[in-house]
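Descriptive structure summary
Here is what each chain is made of, one letter per residue.
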Amino acid sequence: MTDFHLRYGAEVAEALRAGRPVVALESTIISHGLPRPDNLRVARQIEQTVRDAGAVPATIGMVAGDLVVGLSDAEVERLAGRDGVAKLSVRDLAVAAAAGADGATTVAATSAIAASAGIKVFATGGLGGVHREASRTFDESADLITLARTPIAVVCAGVKSILDVGATLERLETLGVGVVGYRTHRFPGFFITDAGFTLDWSVDSPEHAATVLRAQREQGTHHGALIIANPLPEDEQLDRALHDRVLAEGLAMAERDGVAGKAVTPFLLAHFHSATQGRSLTVNVRIILRNADLAARVAVASAA
Ligand code: PSU
Ligand code: MN
């Protein structure tokens, strides 16, 4: 018999025991969201950014069937460098463990694992959401339903503009997931500073965000996530015309090639990175590092 482990990195285990601030990080952006070899360099930069802001990074993923909260540098390198790393949403975790697989966790899987490990804050790039044409394809990311039942703060740059942003916001409302803008009332569209939708609420500091999290816990309304939407400054976003052209092209290619299911998001991201000659990659990296920094500050404020 094999037994199925959930392992903690030593530093993360110690930080959790001591009540020090910890930030969960996902691994799908490393294995499926960013091209090699930049992905490994970026994964390390994300962790360093969290450290620089005073928190401990806990990158989550699966190595040979073991779920690891706080991958070592060698384990991050393994998930970044190999072919055949599976993209794992929540439903895949047990099956992949039984197969002894290597896998990268999505927002859904990472938040579920992080919350059960007692981690309160998670940084990512952008959430999954409702795809365009979802009324026909039913393609809605499991990120949404999972966030509805997972108590964690997720710092992100909204959802990617490849999705139906309005429908995603409607679903988050239905599912009872809190959404606040960070110093803005405009919901960001990942590569784009403003996706064209207004938010009811905003927070203006990490301490303010930490106060919301504490209020959720004290009210007992913390069964779902709090999304902290952190837009890129306007002068750092992807050029709008370039963005719109590449997106239209990518959607047409995905349709033509019959790309479906969990392959859709990686396909469109890879198309962006090649069709913009790396400009979307630069923007993508800035998004993740800014989110890692803010998440660490929220974790520090929450632990204080
Ligand atoms: N956003 C990014 N890059 C990514 C993803 C989101 O900027 O790689 C990944 C996240 O892991 C997210 C997943 O949870 O895509 C959503 O995939 P799907 O649409 O198949 O649920
Ligand atoms: Mn999907």
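Since we're looking at a predicted model, the values are computed, not measured. (Residues numbered from 1 in each chain as written. Chains lettered and ligands numbered in written order. Predicted model: local features only at pLDDT ≥ 70, side-chain atom pairs only at ≥ 80, totals over all residues. Heavy atoms only, no water.)

Focus: the overall build of the protein
What counts here: Helix and strand definitions here come from DSSP, where helices need a minimum of 4 consecutive H or I residues and strands a minimum of 2 consecutive E residues; each element is numbered from the N-terminal end. Radius of gyration here uses only the C-alpha atoms, and the compact-globule reference equals 2.2 Å multiplied by the residue count raised to the power 0.38. Each residue gets one of three labels from its accessible area relative to the maximum for its type: buried under 20%, exposed over 50%, partly exposed in between, using a 1.4 Å probe on protein chains only. Should any heavy atoms of two residues lie within 4.5 Å, those residues are considered in contact. Each accessible area is a Shrake-Rupley result for a 1.4 Å probe, and residues are judged covered by the shown protein chains and nothing else. When charges are counted, neither His nor the chain ends are considered; positive counts come from Lys and Arg and negative counts from Asp and Glu. Taken as the charge centre is NZ of Lys, CZ of Arg, CG of Asp or CD of Glu, depending on the residue.
Helix and strand content of the protein: 13 helices and 13 strands. For 304 residues, the compact-globule formula gives about 19 Å, and the C-alpha radius of gyration of the protein, at 18 Å, lands near that figure. Expressed along its principal axes, the backbone C-alpha trace of the protein runs to roughly 50 × 45 × 35 Å. The proportion of buried residues among the 304 residues of the protein is 55%. Across the protein, the fraction of contacts at a sequence separation of at least 24, relative to all contacts at a separation of at least 6, is 73%. Total accessible area computed for the protein in this model is approximately 13100 Å², and 53% of it derives from carbon and sulfur atoms. Across the protein, the 29 positively charged side chains and the 35 negatively charged ones have centroids separated by 2 Å.

Quick look at the site of ligand 1
Rules: Here a residue counts as near a molecule or strand whenever at least one of its heavy atoms sits within 4 Å of it. Any pair of nitrogen or oxygen atoms within 3.5 Å is treated as a polar contact; in protein, a donor-acceptor pairing is required on top of that, and neighbouring residues in sequence qualify only through side-chain atoms on both sides. Three classes are used: nonpolar for Ala, Val, Leu, Ile, Met, Phe, Trp, Tyr, Cys and Pro, charged for Asp, Glu, Lys and Arg, and polar for all others, with Gly counted as polar.
Near ligand 1 lie 16 residues; those nearest to it are Glu26, Val107, Ser141, Asp143 and Lys160. At 2.6 Å from an oxygen atom of ligand 1 is found a side-chain nitrogen or oxygen belonging to Glu26. In this structure, a nitrogen atom belonging to ligand 1 sits 2.9 Å away from a main-chain N or O atom of Gly126. Those elements that provide at least two residues to the shell around ligand 1 are helix 2 (28–33) and helix 12 (264–275). Counting residues per element, the shell around ligand 1 draws most heavily on helix 2, at three residues. For the shell around ligand 1, the class distribution of residues is four nonpolar, seven polar and five charged.

Thoughts on the packing of helix 3 (residues 38–52) against helix 4 (residues 73–81)
Just so we agree on the cut-off: Think of each axis as a best-fit line through the C-alpha atoms, taken over the contacting stretch in the case of a helix, with angles from 0 to 180 degrees between the N-to-C directions. In this scheme the crossing of two helices becomes right-handed for a clockwise turn of the near helix relative to the far one and left-handed for an anticlockwise turn of less than a right angle.
Closest axis-to-axis distance for the helix 3/helix 4 pair is 9 Å, and the angle between their directions is 145°. Relative to helix 4, the crossing made by helix 3 is right-handed. For the pair formed by helix 3 and helix 4, the contact residues are Asn39, Leu40, Ala43, Arg44 and Glu47 on the first element and Asp73, Val76, Glu77 and Ala80 on the second. Counted by class, the contact of helix 3 with helix 4 contains four nonpolar, one polar and four charged residues.

Describing the nonpolar core
Burial of nonpolar side chains together is a common tendency in soluble globular proteins. Filter applied, for reference: Only buried Ala, Val, Leu, Ile, Met, Phe, Trp, Tyr and Cys residues count toward a nonpolar core, and they belong to the same one when joined by side-chain atoms within 4.5 Å.
If you look at the biggest cluster of nonpolar residues, it comprises 61 residues, and the most contacted ones within it are Ile119, Leu127, Val177, Phe187, Phe191 and Ile227. The biggest single contributor to this core is helix 12, with five residues. Excluding residues within four positions of it along the chain, Leu127 makes contact with Val107, Asp143, Leu147, Val154, Cys156, Gly158, Val159, Lys160, Leu163 and Ile227.

So, the pairing of strand 3 (residues 56–63)
Our working rule: In this description, strands pair whenever DSSP reports at least two bridges between them.
Of all the eight residues making up strand 3, eight are buried; the element is thus mostly covered by neighbouring parts of the structure. With burial as the criterion, each face of strand 3 is covered, one bearing Val56, Ala58, Ile60 and Met62 and the other bearing Pro57, Thr59, Gly61 and Val63. One ladder, built from four bridges, connects strand 2 (residues 22–25) with strand 3; its direction is parallel. Pairing of Ala24 across the sheet is with Ala58, part of strand 3. As defined by bridge partners, strand 3 adjoins strand 4 (residues 66–69) across four bridges and the pair is classed as antiparallel. Bridged to Ile60 within strand 4 is Val69. Linking two consecutive strands that pair antiparallel, namely strand 3 and strand 4, is a turn of two residues; a positive phi of about 50° is found at Ala64 within it. Relative to strand 6 (residues 103–105), strand 3 runs antiparallel, the two sharing two bridges. The residue of strand 6 that forms the bridge with Gly61 is Ala104.

Description of helix 10 (residues 206–219)
Under the convention used in this document: Multiply 1.5 Å by the residue count of a helix minus one, and that product is the helix's expected span.
Here helix 10 is 14 residues long and its end C-alpha atoms lie 20 Å apart, about the 20 Å a rise of 1.5 Å per residue gives. At its buried positions, helix 10 is contacted by strand 8 (153–156), strand 9 (178–182), strand 12 (202–203), strand 13 (226–229) and helix 13 (279–303). Immediately beyond the C-terminal end of helix 10, within one or two residues, lies Gly220, with a positive phi of roughly 75°.

A short note on unusual backbone geometry
A cis amide bond links Arg36 to the next residue, Pro37, at an omega of 0°. Its identity as a non-glycine residue notwithstanding, Ala64 has a phi of 50°, on the positive side. Within the secondary structure, Ala64 is located in the loop between strand 3 and strand 4. Note on Ala64: relative accessible area 44%, which makes it partly exposed.

Some points on the pattern of salt bridges
Side chains that carry opposite charge are capable of pairing whenever their charged atoms lie near each other. Condition: Put simply, a salt bridge is a Lys or Arg side-chain nitrogen that is within 4 Å of an Asp or Glu carboxyl oxygen.
Here the structure, examined in full by the defined rule, presents 20 salt bridges. Where Asp38 meets Arg41, a salt bridge forms, and the shortest distance between an N and an O atom there is 2.9 Å. With Asp38 and Arg41 both in helix 3 and three residues apart, the pair spans about one turn of that helix. By relative accessible area, Asp38 is classed as partly exposed at 23%. A cluster of three or more residues bridged by salt bridges with shared partners is formed by Arg7, Asp66 and Glu75.

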